[in-house]
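# Structure at a glance
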Amino acid sequence: MRADDEAAILACIPSLRRYARGLTGDPHRADDLVQDTLERAWSRYSRWQRRGELRAWMFGIMHNHFIDGVRANHRQAEQAGAGDLPDVPVRATQTDHLEVRDLDRCLQGLPAEQREVLLLVCVEDLSYQETAQVLGVPIGTVMSRLSRARERLGALMQGQEPASRLHRVK
């Protein structure tokens, strides 16, 4: 691996940390997720073959690793006979501004599929095509999820529960 390749990977760390923090809602779990992503990217760098943007490729690694962890935790909970979901860790808010806390709470209130798309497109500035590649979904799905995420986040930020789009048919 060349020095400029190493520098390109290291330049992705701030973006990876933001995305991991948005996915997990916990700074410690986010740091672990970034570390695991970097280890995987470093060991599989030869597989990248310079197709597409490096940052999008690394987001894909992170996303897949995060989903694998969620599935593994779910299986462990089922095997242990626990019917309840594990407690969601609460991040420290002593030094944060109230607005950031409220935004984070509202982001965590979004379904995971919507939150992932919102973070990749709006925070990490990935294109719809790159986001679709990272998540392994069609571009139309990305656009639909982003629209629903923006609508729901806006309602949550205003303290409203978004109205359901399901209507009763007579």
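The paragraphs below set out a description of the structure included in this document. (Residues numbered from 1 in each chain as written. Predicted model: local features only at pLDDT ≥ 70, side-chain atom pairs only at ≥ 80, totals over all residues. Heavy atoms only, no water.)

## Describing the overall build of the chain
Quick note on the threshold: In DSSP terms, a helix is any run of H or I states spanning at least four residues, a strand is any run of E spanning at least two, and both are numbered starting from the N terminus. Summary of the burial criterion: residues with accessible area below 20% of their type's maximum are buried, those above 50% are exposed, and those between are partly exposed, where the area comes from a 1.4 Å probe applied to protein chains only. Residue contacts are counted whenever heavy atoms from the two residues lie within 4.5 Å of one another.
The secondary structure content of the chain amounts to nine helices and zero strands. Overall, the chain shows an N-to-C arrangement of helices and strands of α-α-α-α-α-α-α-α-α. Taken across its 170 residues, the chain has 36% of its residues classed as buried. In the chain, once contacts between residues fewer than 6 apart in sequence are set aside, the share between residues at least 24 apart is 64%.

## Focus on helix α7 (residues 112-123)
Here is the rule: In this analysis, the expected span of each helix is defined as 1.5 Å times one less than the number of residues it contains.
The end-to-end C-alpha distance of α7, which contains twelve residues, comes to 15 Å, matching closely the 16 Å that a straight helix rising 1.5 Å per residue would cover. Of all the residues in α7, the buried ones are Gln114, Arg115, Glu116, Val117, Leu118, Leu119, Leu120 and Val121. Taken from the residues just after α7, Asp125 is the one with a positive phi, measuring 60 degrees.

## Points about the nonpolar core
Rules: By convention a nonpolar core is built from buried Ala, Val, Leu, Ile, Met, Phe, Trp, Tyr and Cys residues, the set being connected through side-chain atoms within 4.5 Å.
One finds Leu16, Tyr19, Met58 and Met62 to be the most contacted residues of the largest nonpolar core, which totals 38 residues. At the level of secondary structure, the elements contributing two or more residues to this core comprise α2 (13-24), α3 (27-43), α4 (45-48), α5 (54-79), α6 (98-109), α7, α8 (128-135) and α9 (139-157). Ranked by residue count, the leading element in this core is α5, at seven residues. When sequence neighbours within four positions are dropped, the list of residues in contact with Met62 reads Leu16, Tyr19, Ala20, Leu23, Leu33, Val34 and Thr37.

## Focus: α2
Helix length check: α2, at twelve residues, gives a terminal C-alpha distance of 16 Å against a target of 16 Å (1.5 Å per residue), a fit within 8%. When we look at burial in α2, the residues that qualify are Ser15, Leu16, Tyr19, Ala20, Gly22, Leu23 and Thr24. Looking one or two residues beyond α2, the residue adopting positive phi is Gly25, at roughly 75 degrees.

## Considering the environment of Asp104
You can see Asp104 is positioned in helix α6. Residues Asp104 and Gly25, 79 residues apart in the sequence, show an inter-C-alpha distance of 7.6 Å.

## As for the side chain of Arg145
To keep it simple, the criterion reads: Residues scored as charged are limited to Lys and Arg (positive) and Asp and Glu (negative), so that His and the chain ends carry no count. For salt bridges, the criterion is a side-chain nitrogen of Lys or Arg within 4 Å of an Asp or Glu carboxyl oxygen.
For Arg145, the location among the structural elements is in helix α9. Buried charge without a salt bridge: Arg145, with Glu116 as the nearest opposite-charge side chain at an N-O distance of 5.1 Å. Among all residues touching Arg145, those that are not within four sequence positions of it are Glu113, Gln114, Val117 and Val137.

## Some points on the packing of α2 against α3
The criterion, for reference: Fitted lines through C-alpha atoms serve as axes, helices being fitted only where they are in contact, and the angles separating the N-to-C directions of these axes extend from 0 to 180 degrees. Roughly parallel means an angle under 35 degrees; roughly antiparallel means over 145; roughly perpendicular covers 65 to 115; every other angle is labelled oblique. Note on convention: near helix rotated counterclockwise from far helix by under a right angle means a left-handed crossing. Clockwise means right-handed. Note that Gly is not counted as nonpolar here; it falls among the polar residues with everything else outside the nonpolar set of Ala, Val, Leu, Ile, Met, Phe, Trp, Tyr, Cys and Pro and the charged set of Asp, Glu, Lys and Arg.
The contact between α2 and α3 brings their axes to 8 Å, and the two run at 130 degrees. Taken as axis vectors, α2 and α3 run oblique relative to one another. Seen along the crossing, α2 lies across α3 with a hand that is right-handed. Contacts between α2 and α3 involve Ile13, Leu16, Arg17, Ala20, Arg21, Leu23 and Thr24 from the former and Pro27, Arg29, Ala30, Asp31, Leu33, Val34, Thr37 and Leu38 from the latter. Grouping the constituent residues of the contact of α2 with α3 by class yields nine nonpolar, two polar and four charged.

## Considering the packing of aromatic side chains
The criterion, for reference: Two rings from Phe, Tyr or Trp (for Trp, the six-membered ring) form a pair when their centres are within 6.5 Å of each other. A pair whose planes differ by under 30 degrees is stacked, one over 60 is edge-to-face, and the rest are tilted.
This model, assessed by the stated rule, comprises one aromatic pair. On the numbers, 5.3 Å between centres and 80 degrees between planes, the contact of Tyr19 with Phe59 is edge-to-face. Of this pair, Tyr19 sits in helix α2 while Phe59 sits in helix α5, and the two are 40 residues apart along the sequence.

## Focus: the environment of Arg17
With respect to the helices and strands, the residue Arg17 is situated in helix α2. Residue class for Arg17 comes out partly exposed when judged on its relative accessible area of 43%. For the pair formed by Arg17 and Asp32, sequence separation is 15 residues and the distance between their alpha carbons is 9.8 Å. Setting aside its immediate chain neighbours within four residues, Arg17 contacts Asp31 and Val34.

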